[in-house]
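Coordinate inspection notes
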Amino acid sequence: MQFSTRLSVAAHILLCIAVTAGQTKTTSAFLAGSVGVNPVIVRNTLGQLKAAGLVRVEAGVGGASLARDPADITLLDVFQAVEPQEALFHFHEKPNPLCPVGRNVHAVLDRRLVSAAKALEDELASVTLRSLIDEMEARIGAEDDGTSAS
């Protein structure tokens with residue numbers, strides 16, 4: 001199964017903003033260097049995150065900052081900010097009603113796909129930016145100490 005990179009790029013941007021706060025200006029060029037994408041992608045993503053109320057962006061070289069406490073931002077918030085708001089699973093719309101499989105396939109699959117999408121949303125909702133920051137900082141600290149954080 002493959003999803004777009006929007007969620008991982010947005011989460012990377014938010015982590016970079018949080019972890020480097022006060023150390024450097026988090027401009028789109030700086031963030032793009034960390035994420036490994038074109039600054040235009042970062043600016044577009046920041047625009048989506050700003051529209052969702054997750055970041056503040058100062059024009060020019062002011063940089064970006066978190067607009068909410070990291071404990072109050074979940075991966076579901078990020079996902080909803082950057083992914084198109086449509087069903088996670090797209091079902092073909094016109095199965096053949098004259099075929100016994102075609103006329104029953106929705107009844108067999110729909111609730112299971114809805115359940116799978118709900119499970120994903122529940123998992124994303126259970127992960128806060130704060131928990132990711134804590135894990136990131138522990139890993140960075142372990143690198144600085146020469147130890148390994150798993």
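Refer to the preceding data block for the structure.
Thresholds applied
Residues numbered from 1 in each chain as written. Predicted model: local features only at pLDDT ≥ 70, side-chain atom pairs only at ≥ 80, totals over all residues. Heavy atoms only, no water. Helix = DSSP H or I, 4+ residues; strand = E, 2+ residues; numbered from the N terminus. Buried < 20%, exposed > 50% of the residue type's maximum accessible area, 1.4 Å probe, protein only. Contact = heavy atoms within 4.5 Å. Areas by Shrake-Rupley, 256 points an atom, 1.4 Å probe, with all protein chains shown as cover. Lys, Arg positive; Asp, Glu negative; His and termini not counted. Charge placed at Lys NZ, Arg CZ, Asp CG, Glu CD. Axes fitted to C-alpha atoms, helices over the stretch in contact; angles between N-to-C directions. Parallel < 35°, antiparallel > 145°, perpendicular 65-115°, else oblique. Nonpolar A, V, L, I, M, F, W, Y, C, P; charged D, E, K, R; others polar. Expected span 1.5 Å × (residues − 1). Bend = angle between axes of the 7 residues up to and from the residue.

This part takes up the overall build of the chain. For the chain, the count of helices and strands is 6 helices and 2 strands. In sequence order, the chain lays out its α and β elements as α-α-α-β-β-α-α-α. Evaluated residue by residue, the chain yields a buried proportion of 31% over its 150 residues. A separation threshold of at least 6 residues defines the contact pool for the chain, and within that pool the share at least 24 residues apart is 56%. Here the chain has roughly 9400 Å² of accessible surface; of this, 55% comes from carbon and sulfur atoms. Seen as two clouds, the 13 positive and the 17 negative side-chain charges of the chain have centres 9 Å apart.

Relative to each other, helix H1 (residues 6-19) and helix H3 (residues 39-51) sit at 80 degrees, their axes nearing to 10 Å. It follows from the interaxial angle that H1 and H3 lie roughly perpendicular. Facing Val9, Ala10, Ile13, Leu14 and Ile17 of H1, the residues of H3 in contact are Val42, Thr45, Leu46 and Leu49. Tallied by class, residues from the contact of H1 with H3 come to 8 nonpolar, 1 polar and no charged.

The terminal C-alpha atoms of helix H5 (residues 100-125) lie 38 Å apart, and with 26 residues this matches the ideal 38 Å at 1.5 Å per residue to within 8%. The largest bend along H5 measures about 35 degrees and falls at Leu109. For H5, the complete set of buried residues consists of Gly102, Val105, Ala117 and Leu124. For H5, the secondary structure elements touched by its buried residues are H1 and helix H4 (75-82).

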